[in-house]
Amino acid sequence: KLVQTFGMFGQATSADNAVGVTTTTFRNGASGMWSSLLYLFGMPVYWFVPVWLRRLRALTFGDFFRERYGSSSMAAVYALIGAVCMMAGMAMGFSAMAKTVVAITAKSVASYSAADRQAYEQAYATRAAAGQTAQVLSLAELEEYERLKAIPAARRSVAERDRLVMLERLQPATRITHFREDVVVWIVCLVVLIYAVAGGLEAAFLTDLLQGVFIIILSVIMIPFAWARINAVYGGVGINGALTTIHDRLPSSAFDIFGGPASVDFAWYYILALSAMAVWTVWLQPNQLVCAGAARNEFAARYGCVVGSLMKRACTVLWGVFGLAAIVLYGAHLYNNPDLVWGHATRELLGPANLGLVGLMIACLMSALMSSLDCSMITASSLLTHNLYGWLSPGRSQRHYVWVGRLCGGLSLVGGAWLAMQFDTILQVMKFFWEVNVALAPAFWLGMKWRRANRWGAWVSIIVGSLLFLLLPYLLPVLAPSLRTHPALLQTTRPVMLTQRYVASPGDVLARQREIEKWHEHPPAGVQTPPPPLTVGEIFTQQQELPAREIFWTQGIKTMPDGARVGLGGLNLELVLLHRLGWDLRGNPYAGNESLRLLIRTLFPLLVMIVVSLLTPADPPSLLDRFYALLRTPVQPDQAADEEAVAAARANPSSTEQARLLPGSAWEFYRWKKDDWWGFVLSTLSIVLILGMMRLLVSWGAS
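Residues numbered from 1 in each chain as written. Predicted model: local features only at pLDDT ≥ 70, side-chain atom pairs only at ≥ 80, totals over all residues. Heavy atoms only, no water.

## Thoughts on the overall build of the protein chain
Under the convention used in this document: Only DSSP runs of H or I reaching four residues or more are called helices, and only runs of E reaching two or more are called strands; each is numbered from the N terminus. Note that the radius of gyration is over C-alpha atoms, with the globule rule given as 2.2 Å times the number of residues to the power 0.38. We call a residue buried when its accessible area falls under 20% of the maximum for its residue type, exposed when it is over 50%, and partly exposed in between, using a 1.4 Å probe and counting protein chains only. We call two residues in contact when some of their heavy atoms are within 4.5 Å. Each accessible area is a Shrake-Rupley estimate made with a 1.4 Å probe; only the visible protein chains count as cover when residues are assessed. Charge counting follows a simple rule: Lys and Arg are positive, Asp and Glu are negative, and His as well as the terminal groups are ignored. Think of each charge as sitting on NZ of Lys, CZ of Arg, CG of Asp or CD of Glu.
A tally of regular secondary structure across the protein chain gives 28 helices and 6 strands. Here the C-alpha atoms of the protein chain give a radius of gyration of 27 Å, agreeing with the 27 Å that 2.2 N^0.38 yields for 703 residues. Oriented by its inertia axes, the alpha-carbon framework of the protein chain measures out at about 85 × 60 × 50 Å. Counting the 703 residues in the protein chain, one finds 53% classified as buried. Put simply, of all contacts in the protein chain between residues at least 6 apart along the chain, 81% involve residues at least 24 apart. Just so you have it, the protein chain exposes about 29900 Å², and 65% of that area is on carbon and sulfur atoms. Distance between charge centres in the protein chain, computed from 56 positive and 46 negative side chains, equals 4 Å.

And the structure:
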């Protein structure tokens, strides 16, 4: 159970999790934690599905499609999509690692070459032409900033301290670093490749046990340093002092756990839609079957899955707590590039200690990355070798297939590195990863629980879903590049002014004071008076404008140097269809359009499979009885005894009918035993536990 727990924890937790949650929290406040907590509401399901997967006695997830629908070609299609899913997971880790290392290795102004200085001044001139010089540091100001920061805090004069605080609110015009992101990605790819090919699945699980310890270290190491820096900059003593300062410096909206309409990426309705889709698709990730199938017995499979997942959710809350502290320390400095927060904070917080902690952080990130990539690489390799190459080229020697597996593993790792460079931000990679399996989910869930689900329904739902949501969104802009500049597809949401009521915190008072100062510096046209000051405890209404956001392109819209606007990434075909049907998507908030998109992607393949299955002949009873005999037969500790039990169940399927809740029906629901009830109750309580932990740490320090 210990190895199984850390196996689940390790393969589910990579470098992108800590970096990604910090990024989304930095951008959205406390609601940004849902970028990793979105699986939380599925915890009760985590107690049951690993048992189903363990009872399949399968080598890969592709074997499920072959056994359930009697189709090796469907297993081969799953192998391709599953390999892309694993590559997307690898891409998140590569991207997070690269952005962190780049931020850690930023050059000091003193080390700038002549070319570096020219590049910086050119970037500043570009921002100046756009009227953004009030937000960025000139080269001279950047030099002054680094000089003031190098002075020990105890020796800074009041004027120097105030000047440093003012400069910290500005952003560099550009960041000059020792490494490029693509170089870091390929270096890390090579390291992981050498590491991963050295062992198999057993080695991956045992190293996950060790590396899981370092992931936990990574989760907590930054927090005390961030709190100490907050106390040093703003005054305060101990944990309470730092947390009180965080609440004093940030507005109340930053602590909305479920977000609000003004949340940049995680409004409450988007959280619900994303959580529903995540629970629906997470079990189609190929490594889920590998993890559950590797368990010694059913209890170890479900125990490791639930406890390992619970450990990750607890770490997620800690990453979010650090993200809130990072807003206070670097909110203005890194607002436009939050992916760099973790690396920037590593350099700024851990570097001055001169204890090798920056190196330890990089080691922890590499450990977190390798603990997921080794399992992902082996999983993708086995899928492509066993379900695709083995189907196309059967009858080869085991030695031959081992070498093919090594080649497929290396190619999948390289594919993950390449995919990482196709996205601009970590959140974009996350969204692709969350959604890549939507077309496969109905074939899994209905195949597990509904005997009437057949291969025709599975094929049509997989083909239609894959075309609409995976292939055509990226293929159409390649075949017709004019789509990227078509005016109808470059529409954005309308800026919306939202009004919300809050009880003023010290952070709200401070934010209002900044608004008043900004008004006096640059009075807006048509506004005769500045905003009124606030007092702590006062009930006030806050107006916030939701900026215009892209509707139809997954990676947004970019304005080119010649002024042309170009859509980037994939095309959201479901939203294009709604637009063509007359739905004015411009009036929806960005999160509203994203929620609609997720619901369509989740429900449409499901409806397609149900309708097609009902309109076409059922699969042969012999095929169904053979498959469901596996699911009704508990796994035996001894392999020989287990094989004997499976053979007996398949020889006489009616002998397993007593396990069914509705014998004789088309539904394969099974009677719960004592372990099922206790696991369900405790897994449900774990949701309350994590939400309580989240609420406690987010509200700690509030006045």
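## A few points about unusual backbone geometry
Of note, Arg 57 is a non-glycine position whose phi angle comes to about 50 degrees, a positive value. Of the residues examined, Arg 57 reaches a relative accessible area of 25% and is grouped as partly exposed. Non-glycine residue Asn 354 carries a positive phi angle of around 55 degrees. Along the chain, Asn 354 falls in the loop between helix 17 (341-350) and helix 18 (357-392). Owing to a relative accessible area of 67%, Asn 354 belongs among the exposed residues under this scheme.

## Focus on the nonpolar core
Note the following rule: Each nonpolar core is a collection of buried residues, namely Ala, Val, Leu, Ile, Met, Phe, Trp, Tyr and Cys, held together in the definition by side-chain atoms within 4.5 Å.
Membership of the largest hydrophobic core comes to 165 residues, with the highest contact counts inside it found for Leu 53, Phe 65, Phe 94, Ile 246, Trp 342, Trp 434 and Phe 444. Of the residues forming this core, the biggest block, 20 residues, is contributed by helix 7 (residues 72-104). Discounting chain neighbours no more than four positions away, the residues touching Phe 65 are Gly 70, Ser 71, Met 74, Ala 75, Tyr 78, Leu 284, Ala 443 and Ile 462. Among the nonpolar cores identified, the runner-up in size contains 12 residues, and Leu 137, Leu 148, Ile 151 and Leu 167 belong to it.

## Structural notes on the side chain of Gln 288
Mapped onto the fold, Gln 288 is located in helix 15 (residues 286-293). Owing to a relative accessible area of 4%, Gln 288 belongs among the buried residues under this scheme. Not counting the four nearest positions on each side in its chain, Gln 288 is found in contact with Met 8, Leu 53, Val 282 and Trp 283.

## Overview of the pattern of salt bridges
Defined as follows: The salt bridge definition used is simple: a Lys or Arg side-chain nitrogen within 4 Å of an Asp or Glu carboxyl oxygen.
Applying the stated criterion across every chain, the model contains 28 salt bridges. In this structure, the salt-bridge partner of Lys 107 is Asp 116, at a minimum N-O distance of 2.8 Å. Take Lys 107 and Asp 116: they sit in the same class, and that class is buried. A salt bridge links Glu 594 to Arg 597; the nearest nitrogen and oxygen atoms lie 2.8 Å apart. On the criterion of helical spacing, the pair formed by Glu 594 and Arg 597 is a turn pair, its members being 3 residues apart in helix 25 (residues 590-615).

## Quick look at helix 28 (residues 674-699)
As a reminder, the rule being used: Given the number of residues in a helix, its expected span is that number minus one, multiplied by 1.5 Å.
In this model, helix 28 (26 residues) spans 37 Å end to end at C-alpha, consistent with the 38 Å of a helix rising 1.5 Å per residue. Within the sequence span of helix 28, burial applies to Asp 676, Gly 679, Ser 683, Ser 686, Ile 687, Ile 690, Met 694, Leu 697 and Val 698. Contacts from the buried residues of helix 28 go to helix 3 (34-37), helix 4 (43-46), helix 13 (238-249) and helix 16 (298-330). With its phi angle positive at about 100 degrees, Gly 701 sits one or two positions after the end of helix 28.

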